[in-house]
Amino acid sequence: MVLNFWGNYWNGVTIFSKGQAALNSNPNVTYQTAKRALLRQYQLAYLKPMSYQNGYGITVTQATAKKYHLVLLKDNKHFFPPYQGAPLMKRRFMTQHPQIVKSLKKLSGKISTSDMQNMNYQVTMQHKKAAMVAKVYLKAHHLLN
């Protein structure tokens, strides 16, 4: 089981090398297309995505931008596909481990872009352990006991 970003499949040859679909900037359309193709081609199940967009600016926080005089640009031309994270797993794993899937489904629609930027900042700039940052976030948002 991994956390994956369905925009990766728009850019890769995995799903769309045979001209099955054109790039779509609508996150729901992109997710549904990737979900169907991954199940059909690889028997992979894609759970519903989290809230954040994992664009190229996700790691840039306000403090980092200010420190290095950076400006985060918005992709108003929709050059890049939507990149929302969602758990990806073998269909067999999903049926064999329903409790894990139930826990992962709690992440659907959660973790905003600013939340993810903050967690990335803690890991990359403050050198905190990623596992600890995630654990603190999950507990604070009542997603982990």
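Everything in this summary refers to the structure shown in the same document.

1. Description of the packing of helix 7 (residues 113-124) against helix 8 (residues 130-140)
Then, in step 1: One way to put it is that helix 7 packs onto helix 8 with a least axis distance of 9 Å and a crossing angle of 145 degrees. Remark: the crossing between helix 7 and helix 8 carries right-handed chirality. The residues of helix 8 that touch helix 7, namely those facing D115, M119, Q122 and V123, are A130, V133 and Y137.
Then, in step 2: When grouped by side-chain class, the residues that make up the contact of helix 7 with helix 8 number five nonpolar, one polar and one charged.

2. Focus: the pairing of strand 3 (residues 85-90)
Then, in step 1: Strand 3 sits mainly inside the fold: five of its six residues count as buried.
Then, in step 2: As paired strands, strand 2 (residues 44-46) and strand 3 are joined by three bridges and run antiparallel to one another. Each residue of the ladder has a partner; that of A45, found in strand 3, is M89.

3. Quick word on the nonpolar core
Soluble globular proteins: nonpolar side chains tend toward being buried together.
Then, in step 1: L47, M89, M94, L107, I111 and M119 are the most contacted members of the largest nonpolar core, which has 15 residues in total.
Then, in step 2: Taken together, the elements giving at least two residues each to this core come down to helix 6 (98-105), helix 7 and helix 8.
Then, in step 3: In this structure, A34, L38, A86 and L88 belong to the second largest nonpolar core, which totals seven residues.

4. Here's the deal with a nonpolar patch on the surface
Then, in step 1: Together, Y68, L70 and M125 line one region of the surface with nonpolar side chains, adding up to about 280 Å² of accessible area.
Then, in step 2: You can call L70 partly exposed: its relative accessible area is 43%.

5. Side note on unusual backbone geometry
Then, in step 1: Even without being glycine, H69 reaches a positive phi, approximately 55 degrees.
Then, in step 2: By secondary structure assignment, the location of H69 is in the loop between helix 4 (62-67) and strand 3.
Then, in step 3: A positive phi angle, close to 60 degrees, is found at I111, a residue other than glycine.

6. Observations concerning the packing of aromatic side chains
Then, in step 1: Tallying each qualifying case throughout the model produces one aromatic pair.
Then, in step 2: Here Y31 and Y46 contribute two aromatic rings whose centre-to-centre distance is 6.0 Å and whose plane-to-plane angle is 40 degrees, an arrangement assigned as tilted. Placement of Y31 in helix 3 (residues 27-42) and of Y46 in strand 2 is noted, with a sequence separation of 15 residues between them.
Then, in step 3: Given a relative accessible area of 4%, Y31 falls into the buried group.
Then, in step 4: What makes Y46 buried here is its relative accessible area of 3%.

Cut-offs and rules
- Residues numbered from 1 in each chain as written.
- Predicted model: local features only at pLDDT ≥ 70, side-chain atom pairs only at ≥ 80, totals over all residues.
- Heavy atoms only, no water.
- Axes fitted to C-alpha atoms, helices over the stretch in contact; angles between N-to-C directions.
- Helix = DSSP H or I, 4+ residues; strand = E, 2+ residues; numbered from the N terminus.
- Left-handed = near helix turned anticlockwise from the far one by under 90°.
- Contact = heavy atoms within 4.5 Å.
- Nonpolar A, V, L, I, M, F, W, Y, C, P; charged D, E, K, R; others polar.
- Buried < 20%, exposed > 50% of the residue type's maximum accessible area, 1.4 Å probe, protein only.
- Pairing = 2+ DSSP bridges.
- Core = buried A, V, L, I, M, F, W, Y, C linked by side-chain atoms within 4.5 Å.
- Patch = residues over 30% accessible without salt bridge, like charges linked within 9 Å, V, L, I, M, F, W, Y side chains within 5 Å.
- Areas by Shrake-Rupley, 256 points an atom, 1.4 Å probe, with all protein chains shown as cover.
- Salt bridge = Lys/Arg side-chain N within 4 Å of Asp/Glu carboxyl O.
- Phe/Tyr/Trp six-rings, centres within 6.5 Å; stacked < 30°, edge-to-face > 60°.

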